[in-house]
Amino acid sequence: MPELIEKLSFYLEFPFVRYAIIVGVLVSLCSSLLGVTLVLKRYSYIGDGLSHVAFGALAIASVLKLTNNMFLILPVTIAVAILLLCTGKDSRIKGDAAVAMVSVGALAIGYLLMNIFSTSANISGDVCTTLFGSTSILTLKQEEVYLCVVLSGIVLFSFILFYNKIFSITFDENFARATGVNTTAFNLLIAVIVATIIVLAMNLVGALLVSALVVFPALSAMRVFKSFFSVTVAAATISVLCSLIGIVIAILAGTPVGSTIVAADIVIFGLFYLIGVARNGGN
Amino acid sequence: MNELIPLITCRQLTLGYGNKDIVRDLDYDVNVGDYLCIIGRNGSGKTTFLRGLSGLLSPKSGDIELCEGLKRSEIGYLPQMTLVQRDFPASVEEIVLSAFQGKHRLLPFYGRARRERAMECMALTRTESLRKSCFRELSGGQKQRVLLARALCAAERLLLLDEPVTGLDPESSETMYRAFKDLHKKGMTIVMVTHDVDAALDNATRVMNFDQISVKGK
């Protein structure tokens, strides 16, 4: 044990490890907050779809050799998020199919582009990194960290400011609209926030595992807690803890960061599931 | 008889989904002080009309106009329960308080007046003892009463009710109807879609029958 702590504090000397922890905490905090809304609105899969879109955009950005690929990835993902979340609310099935279509489409085109216009010798390594975020969180540059801090700050601020509005729209969009809430504007806001979080989270766990960050903490919290507020707080706490645990284990044991974080989320979900069952008497 | 002041006017109103018209060329006014009951068979267009009045469904043609400076934020609405809500982790209090979202712009918290108003509405629907309970663990009738408390909170001038007593026991429905009657006496305009024709005729000042789309005054 003392060796482990020593090893950890040795690693913490490095700025890239501190960056990883800062980004990890912020991203997991943001994604879990919106995750509650997405899960309850039956939009769990949107996160997955959008992350594939972000992957496709990333491929285009690297083909175009952009210096800062964020400027392409973020707008493209936001545009698709608005398209998916703000249309087709009257026809759930169509929306579902649209997500599936956009999701695999972007994945395929992204991989295709990366292959045709490959700039590096190790394409499958690059693709694997993007999809599973195996090392990208440990290679963050200082400006990426700043960008992440600013964007998460905006996301957190809007979430707290509009918390009650988000609740009322999530619980009953029709009631909210009928009683004068501008639901179109808030759905738009939610779509933009979700897209931003997805793009940020891609750095942390990679494109394929993003929806785990969105979905697992919310689902774990919902097993046990009974009010929207407590579910939100619990989801945020669980998510941040899992990311910290995941990053630390990944550093100490040399495992891939993204998958380790998700594994931690799964373990916690199992735990909360059991607590929920015990409480409700097997219900 | 007082002069009739329209609160919502419908002109040549056609409502429907896709290619199907459900309400066609309807001219109708909801007047200030009405207690209007809308009755009719399933699928006759009652709920569609109510969705039109509440602004959830845009007219395919014709107009629905809010008059007398009526704002959406002064309308209370009791929709039929949706699938999402059945397993929603939220406390009763959170749900009732969410009624005020249309009224208050950007504050992230609720003031004392709002909280007191919410308590009153919970008392009216006999849900105050459930205040801290989890919505998804309530019975169907209790859920209905919570959603009604929320509608009452939002309603300042107009209350739109879609089958408000569905799933309630006779005693609760009785309380409900009495609450509506009191509100109506205090000047609330009420529009109610219902299957409960007897109770409707007891309380209503007007009845709209979608089986004939003939409209009777009283």
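A brief look at the structure comes next. (Residues numbered from 1 in each chain as written. Chains lettered and ligands numbered in written order. Predicted model: local features only at pLDDT ≥ 70, side-chain atom pairs only at ≥ 80, totals over all residues. Heavy atoms only, no water.)

### Considerations on the overall build of chain B
Link 1 in the chain: Secondary structure summary: chain B contains seven helices and nine strands in total.
Link 2 in the chain: Compactness check: chain B gives a C-alpha radius of gyration of 17 Å against a globular reference of 17 Å for 218 residues, within 12% of the reference.
Link 3 in the chain: Out of the 218 residues belonging to chain B, those deemed buried represent 54%.
Link 4 in the chain: Here the contacts in chain B between residues at least 6 apart in sequence split such that 70% fall between residues at least 24 apart.
Link 5 in the chain: Carbon and sulfur atoms form 49% of the exposed surface of chain B, whose accessible area is close to 10000 Å². (Helix = DSSP H or I, 4+ residues; strand = E, 2+ residues; numbered from the N terminus. Rg over C-alpha atoms; globule rule 2.2 N^0.38 Å. Buried < 20%, exposed > 50% of the residue type's maximum accessible area, 1.4 Å probe, protein only. Contact = heavy atoms within 4.5 Å. Areas by Shrake-Rupley, 256 points an atom, 1.4 Å probe, with all protein chains shown as cover.)

### So, the nonpolar core
Link 1 in the chain: Core analysis: the largest hydrophobic core is formed by 161 residues, its most contacted members being Phe49(B), Leu53(B), Leu159(B), Phe180(B) and Val191(B).
Link 2 in the chain: Among the elements that line this core, the one with the most residues is helix H10 (residues 183-205) of chain A, at 14 residues.
Link 3 in the chain: Not counting residues up to four positions away in its chain, the partners in contact with Leu53(B) are Ile8(B), Cys10(B), Val30(B), Ile64(B), Arg72(B), Leu160(B) and Val191(B). (Core = buried A, V, L, I, M, F, W, Y, C linked by side-chain atoms within 4.5 Å.)

### As for helix H13 (residues 257-280) of chain A
All names here are of chain A.
Link 1 in the chain: Taking 1.5 Å per residue, 24 residues should reach 34 Å; H13 reaches 35 Å between its end C-alpha atoms and fits that length.
Link 2 in the chain: Of all the residues in H13, the buried ones are Val-257, Gly-258, Thr-260, Ile-261, Val-262, Ala-264, Asp-265, Phe-272 and Gly-276.
Link 3 in the chain: Of the surrounding secondary structure, the elements contacted by the buried residues of H13 are helix H6 (123-132), H10, helix H11 (210-224) and helix H12 (228-253). (Expected span 1.5 Å × (residues − 1).)

### With respect to a nonpolar patch on the surface
Link 1 in the chain: The grouping of Ile109(A), Leu112(A), Ile116(A) and Phe117(A) at the surface amounts to a nonpolar patch, some 410 Å² of accessible area in total.
Link 2 in the chain: Relative to the helices and strands, Phe117(A) is located in the loop between helix H5 (92-116) and H6. (Patch = residues over 30% accessible without salt bridge, like charges linked within 9 Å, V, L, I, M, F, W, Y side chains within 5 Å. Salt bridge = Lys/Arg side-chain N within 4 Å of Asp/Glu carboxyl O.)

### Side note on the interface of chain B and chain A
Link 1 in the chain: Contacts between the two partners involve 39 residues from chain B and, on the opposite side, 28 residues from chain A.
Link 2 in the chain: The contact between chain B and chain A buries some 2800 Å² in all, and 58% of this surface belongs to carbon and sulfur atoms.
Link 3 in the chain: Broken down residue by residue, the surface that chain B buries against chain A is led by Phe88(B), Pro89(B) and Gln101(B), which jointly contribute 20%.
Link 4 in the chain: The tally of links from chain B across to chain A stands at two salt bridges.
Link 5 in the chain: Here Lys226(A) and Glu137(B) are joined by a salt bridge, their closest N and O atoms 2.3 Å apart.
Link 6 in the chain: The tally of links between chain B and chain A comes to nine residue pairs in polar contact (both at pLDDT 80 or more).
Link 7 in the chain: Those elements that provide at least two residues to the side of chain B that touches chain A are strand E5 (75-78), helix H2 (83-86), helix H3 (92-97) and helix H5 (140-154) of chain B.
Link 8 in the chain: Residue contributions to the side of chain B that touches chain A peak at four residues, all from H5(B).
Link 9 in the chain: Looking at side-chain class alone, the side of chain B that touches chain A contains 21 nonpolar, ten polar and eight charged residues. (Buried area = accessible area lost by both parts, 1.4 Å probe. Polar contact = N/O pair within 3.5 Å; in protein donor to acceptor, adjacent residues only side chain to side chain. Nonpolar A, V, L, I, M, F, W, Y, C, P; charged D, E, K, R; others polar.)

### With respect to the packing of helix H3 (residues 44-63) of chain A against H10(A)
All names here are of chain A.
Link 1 in the chain: Where H3 meets H10, the closest approach of the two axes is 9 Å, and the angle between their N-to-C directions is 65°. Seen from above, H3 lies across H10 with right-handed handedness. On H10, the residues touching Gly-47, Leu-50, Ser-51, Ala-54 and Phe-55 of H3 are Val-194, Ala-195, Ile-198, Val-199 and Met-202. (Axes fitted to C-alpha atoms, helices over the stretch in contact; angles between N-to-C directions. Left-handed = near helix turned anticlockwise from the far one by under 90°.)

### Digging into the environment of Met188(B)
All names here are of chain B.
Link 1 in the chain: Following the sequence through the fold, Met-188 ends up in the loop between helix H6 (170-185) and strand E7 (189-193).
Link 2 in the chain: Between the C-alpha atom of Met-188 and that of Tyr-110, which follows or precedes it by 78 residues, the distance is 24 Å.
Link 3 in the chain: Leaving out residues up to four positions away in the same chain, Met-188 has contacts with Asp-34, Ala-155, Glu-156, Arg-157, Leu-158, Leu-159 and Leu-183.

### Remarks on the side chain of His184(B)
Link 1 in the chain: On the secondary structure map, His184(B) appears in helix H6.
Link 2 in the chain: Beyond its immediate chain neighbours, meaning those up to four positions away, His184(B) contacts Gly33(B), Asp34(B), Tyr35(B), Ile190(B) and Thr205(B).

### Observations concerning the pattern of salt bridges
All names here are of chain B.
Link 1 in the chain: Counted under the stated rule, the structure contains 15 salt bridges over all chains.
Link 2 in the chain: Its salt-bridge partner being Arg-24, residue Asp-21 comes within 3.3 Å of it at the nearest N-O pair.
Link 3 in the chain: Asp-21 sits in the partly exposed class, given a relative accessible area of 27%.
Link 4 in the chain: For Glu-120, the salt bridge identified is with Arg-117, shortest N-O distance 3.2 Å. Within this pair, Glu-120 and its partner Arg-117 are both found in helix H4 (residues 112-124), separated by three residues, close to a single helical turn.
Link 5 in the chain: Each of the salt bridges in this network shares a partner with another, and the network as a whole consists of Glu-93, Arg-115, Arg-131 and Lys-132.

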